Amino acid sequence: MNDFWIRNATLVSPTGRRNADIRVIDESIAEVADRGNAPAGVDDHVDATGLWLLPGGVDVHTHFGMPLRRGLASRGWLESSTAALLGGTTTVVDFANPDRDEPIPDAVARWQAAASQECLCDYALHATVSAVDDERLDELAELIEGGIPTFKGFLAYKGRLMLEPEELRLLMTRVHQLKGRLLLHAEDGELNARCEEELRQAGRTEPRHHPLAHPAESEIAATATALDLARATGCPLTIVHLSTAGSLALIDAARTDGVDVSAEVCIQHLFRTDAWYERGIDEALNAVMSPPLRSDADAEALRTAVADGRLDWLATDHCEFPLEIKRSAAVDGFPAVPNGAAGVGERLIVAFTLGVESGLISPERWVDLCCEAPAAAMGLGHCKGRIAPGMDADLVLFDPRASDTHLPVHGTHSLWTGSEWQGAVRHVWVRGHQVVESGQLDPEAPTGRFIRRFF
Ligand code: URP
Ligand code: ZN
Ligand code: ZN
């Protein structure tokens, strides 16, 4: 039977830091005791002196192995989950995207089949709703029953995933009835399409022109539409990958009016800006994603809101396409380049270096943003995101004094290359199984488990 103690750790939680000994039995945390309480002479223990003990990171916005078009998918479950574990993230929530006319439960089954073969961390799923009719709406109850209570709608991506406002209203009405939550990709697909067409006409289709097809006003307009619908339908709403100060202001106002709205922010929108598009073609390609990187003023407003609590958690929207693939697609202009960037392996270290070490947030807030808050907000709070008796033993031993940290990235080029990183993930457990030891992945690490979520 798995039964061990982690001794002498500095346990970091959203409410503070304490010296603690933690006992794990089988897959769960059995005891959290003050330091010195682990029985002497127990062989099976880990000495965590000098290290911080965190709950395993929870990234509630990833796209692992996401099929985009024939023969093209984002980097797959094995490699992406490996990066997650090496970076201290033990649970991800990915998006199951149905094909045109595909029942949503079939898409979920496809995602679960892929993940169960290859995913080394635990995983849960959101469901994308890209068509709204009685058949699709009637599938939602079964999905909630199966542990998927969150549904992503898009006002972006005209001709592909975009819903009309009336369709979004119908979807939100049903999601509200079923006690689920609507996640919104807030960009105005019509406006983006018009901007893209103008850029094409003007021959401005280099990778650096990508953000011009996704103006800040587009996110602000879509956020306003969604907040109006949340007011009208009562449906709980989350704006995912929020990127502009303007939409943040709308959310602040809606909350004052009592609207149930939360806001997710991704590390790239906090710590990188649109200057990145002018650094060179490869840098611009790495930043071809939606929403794009924004202005200094937007990023500054988001950082302030992360620090003062108006942004609720930190995710990544991890959706990695190797640079070579983006380069070859770019010959047909930025609209042909697959959208998305890597981040699941980098999130904890990036937020530690640019958030905690820079003085923006405390270590406690960092743990809240990366672990407890996303787990609680997305229906995982019963088993993930906290170190307490009965919770899954998803644990990270982190060295806050390490410097020159190597990020667990693929290839040589990402949004995060070229900076110095601090802090290091030393050891990681998923449900009591040690999967990372001294920064190395256990080659025998077992596959993760599908986690049902509920509110
Ligand atoms: O560019 C991005 N973010 N790709 C992933 C899909 C999405 O919209 O979240
Ligand atoms: Zn999105
Ligand atoms: Zn996404």
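As the structure is a computational prediction, the values presented were derived from the model and not from experiment.

1. Quick notes on the site of ligand 1
Here is step 1 of the chain: Surrounding ligand 1, one finds 13 residues, the nearest of these being Lys152, Tyr157, His185, Ser290 and Asp317.
Here is step 2 of the chain: Contact between ligand 1 and His63: an oxygen atom at 3.2 Å from a side-chain N or O atom of the residue.
Here is step 3 of the chain: Gly340 is positioned with one of its backbone polar atoms (N or O) 3.4 Å from an oxygen atom of ligand 1.
Here is step 4 of the chain: Out of a free accessible area of 270 Å², ligand 1 has 95% covered by protein chains.

2. Focus: the environment of Leu212
Here is step 1 of the chain: Among the secondary structure elements, Leu212 is positioned in the loop between α5 (189–201) and α6 (216–233).
Here is step 2 of the chain: In this structure the C-alpha to C-alpha distance between Leu212 and Ser13, which are 199 residues apart in sequence, comes to 40 Å.
Here is step 3 of the chain: Not counting residues within four places of it along the chain, the set of residues in contact with Leu212 comprises Cys195, Leu199 and Arg204.

3. Structural notes on the packing of aromatic side chains
Here is step 1 of the chain: Applying the stated criterion to the full structure yields 12 aromatic pairs.
Here is step 2 of the chain: Over the ring of Phe95 we find Lys152; its NZ or CZ atom is 5.0 Å from the centre of that ring.
Here is step 3 of the chain: One Lys or Arg, Arg160, reaches over the ring of Tyr157 and ends 4.8 Å from the middle of that ring.

4. With respect to the coordination of the zinc ion (ligand 2)
Ideal geometry at a metal centre: 109.5 degrees between donors when four sit tetrahedrally, and 90 or 180 degrees when six sit octahedrally.
Here is step 1 of the chain: Distances from the zinc ion (ligand 2) to its protein donors, Lys152 (NZ), His185 (ND1) and His241 (NE2), fall within 2.1 to 2.2 Å.
Here is step 2 of the chain: Sequence positions of the donors to the zinc ion (ligand 2) reduce to the motif K-x32-H-x55-H.
Here is step 3 of the chain: The zinc ion (ligand 3) is placed at 3.7 Å from the zinc ion (ligand 2). Taken together, the positions of His185 in strand β12 (residues 181–185) and His241 in the loop between β13 (237–239) and α7 (245–256) put the pair 56 residues apart, joining distant regions of the chain. For the pair His185 and His241, one class covers both residues: buried.

5. Describing the pairing of strand β14 (residues 261–266)
Here is step 1 of the chain: Among the 6 residues in β14, 6 count as buried, and that is most of the element.
Here is step 2 of the chain: Burial of β14 is two-sided: the residues Val261, Ala263 and Val265 facing one way and the residues Ser262, Glu264 and Cys266 facing the other way are all buried.
Here is step 3 of the chain: Where β13 and β14 come together, 3 bridges link them in parallel fashion. Within β14, the residue paired with Leu237 across the bridge is Val261.
Here is step 4 of the chain: This β-α-β element, β13 to α7 to β14, shows right-handed connectivity.
Here is step 5 of the chain: Bridge analysis of β14 against strand β15 (residues 313–315) gives 3 bridges, and the strand direction is parallel. Paired with Val265 across the two strands is Leu314, which belongs to β15.

6. Regarding the sheet that holds strand β6 (residues 57–62)
Here is step 1 of the chain: On the basis of which strands lie adjacent, the open sheet formed by 8 strands has the order β6-β9-β10-β11-β12-β13-β14-β15 and parallel pairing. Edge positions in the open sheet fall to β6 and β15, since each of these has one partner strand only. Recorded for the sheet is a direction-independent mean angle of 30 degrees between the axes of neighbouring strands.
Here is step 2 of the chain: Sheet topology places strand β9 (residues 89–96) next to strand β10 (residues 122–128); 6 bridges connect them, and they run parallel. Directly across from Thr91, in β10, lies its bridge partner Asp122.
Here is step 3 of the chain: Sitting on the sheet, helix α13 (residues 363–377) touches β6 and β15, and the angle it makes with β6 is about 60 degrees.

7. As for the pattern of salt bridges
Here is step 1 of the chain: Per the counting criterion, the structure on display carries 32 salt bridges.
Here is step 2 of the chain: The salt bridge partner of Arg136 is Glu139, with a shortest N-O separation of 2.9 Å. With a gap of 3 residues between them, Arg136 and Glu139 both fall in helix α3 (residues 134–145), about one helical turn apart.
Here is step 3 of the chain: In this structure, Asp138 and Arg174 form a salt bridge, with 2.9 Å as the shortest nitrogen-oxygen distance. With Asp138 in helix α3 and Arg174 in helix α4 (residues 165–177), the pair connects residues that are 36 residues apart, well separated along the chain.
Here is step 4 of the chain: Each of the salt bridges in this network shares a partner with another, and the network as a whole consists of Glu27, Asp122, Lys384, Asp392, Asp394, Arg431 and Arg449.

8. As for the coordination of the zinc ion (ligand 3)
Here is step 1 of the chain: Ligation of the zinc ion (ligand 3) by protein atoms is provided by His61 (NE2), His63 (NE2) and Asp317 (OD), these donors lying 2.0 to 2.1 Å from the ion.
Here is step 2 of the chain: In primary sequence terms, the donor set of the zinc ion (ligand 3) follows H-x1-H-x253-D.
Here is step 3 of the chain: Residue His61 is classed as buried on the basis of its relative accessible area of 0%.
Here is step 4 of the chain: With a relative accessible area of 7%, His63 lands in the buried category.

9. Here's the deal with the state of the cysteines
Here is step 1 of the chain: Taken as a whole, this structure holds 0 disulfides when the rule is applied.
Here is step 2 of the chain: No disulfide involves Cys266; its nearest neighbouring cysteine sulfur is the one of Cys319, lying 11 Å away.
Here is step 3 of the chain: For Cys266, a relative accessible area of 0% corresponds to the buried category.

10. Looking at the domain arrangement of the chain
Here is step 1 of the chain: Here the chain is described as being made up of domain 1 (3–54 + 386–441) and domain 2 (56–377).
Here is step 2 of the chain: If you average the C-alpha positions of domain 1 and of domain 2, the two centres end up 28 Å apart.
Here is step 3 of the chain: Every contact between the two is made by 41 residues of domain 1 and, on the other side, 44 residues of domain 2.
Here is step 4 of the chain: Interface area, domain 1 with domain 2, both sides summed: about 3500 Å², of which 69% is carbon and sulfur.
Here is step 5 of the chain: Our count for the contact surface shared by domain 1 and domain 2 stands at 2 salt bridges.
Here is step 6 of the chain: Across the pair Asp122 and Arg431 runs a salt bridge, and its minimum N-O distance is 2.7 Å.
Here is step 7 of the chain: Elements supplying a minimum of two residues to the side of domain 1 that touches domain 2: β1 (3–13), β2 (16–25), β5 (52–55), β16 (395–403), β17 (422–430), β18 (433–437) and β19 (440–441).

Conventions used here
Residues numbered from 1 in each chain as written. Chains lettered and ligands numbered in written order. Predicted model: local features only at pLDDT ≥ 70, side-chain atom pairs only at ≥ 80, totals over all residues. Heavy atoms only, no water. Near = heavy atom within 4 Å. Polar contact = N/O pair within 3.5 Å; in protein donor to acceptor, adjacent residues only side chain to side chain. Areas by Shrake-Rupley, 256 points an atom, 1.4 Å probe, with all protein chains shown as cover. Helix = DSSP H or I, 4+ residues; strand = E, 2+ residues; numbered from the N terminus. Contact = heavy atoms within 4.5 Å. Phe/Tyr/Trp six-rings, centres within 6.5 Å; stacked < 30°, edge-to-face > 60°. Lys NZ or Arg CZ within 6 Å of the ring centre and 35° of its normal. Donors = N, O, S within 2.8 Å, 3.2 Å for Na, K, Ca; no water. Buried < 20%, exposed > 50% of the residue type's maximum accessible area, 1.4 Å probe, protein only. Pairing = 2+ DSSP bridges. Right-handed = clockwise from strand over helix to strand, strands pointing away. Axes fitted to C-alpha atoms, helices over the stretch in contact; angles between N-to-C directions. Salt bridge = Lys/Arg side-chain N within 4 Å of Asp/Glu carboxyl O. Disulfide = S-S within 2.5 Å. Domains from an automatic or database assignment. Buried area = accessible area lost by both parts, 1.4 Å probe.

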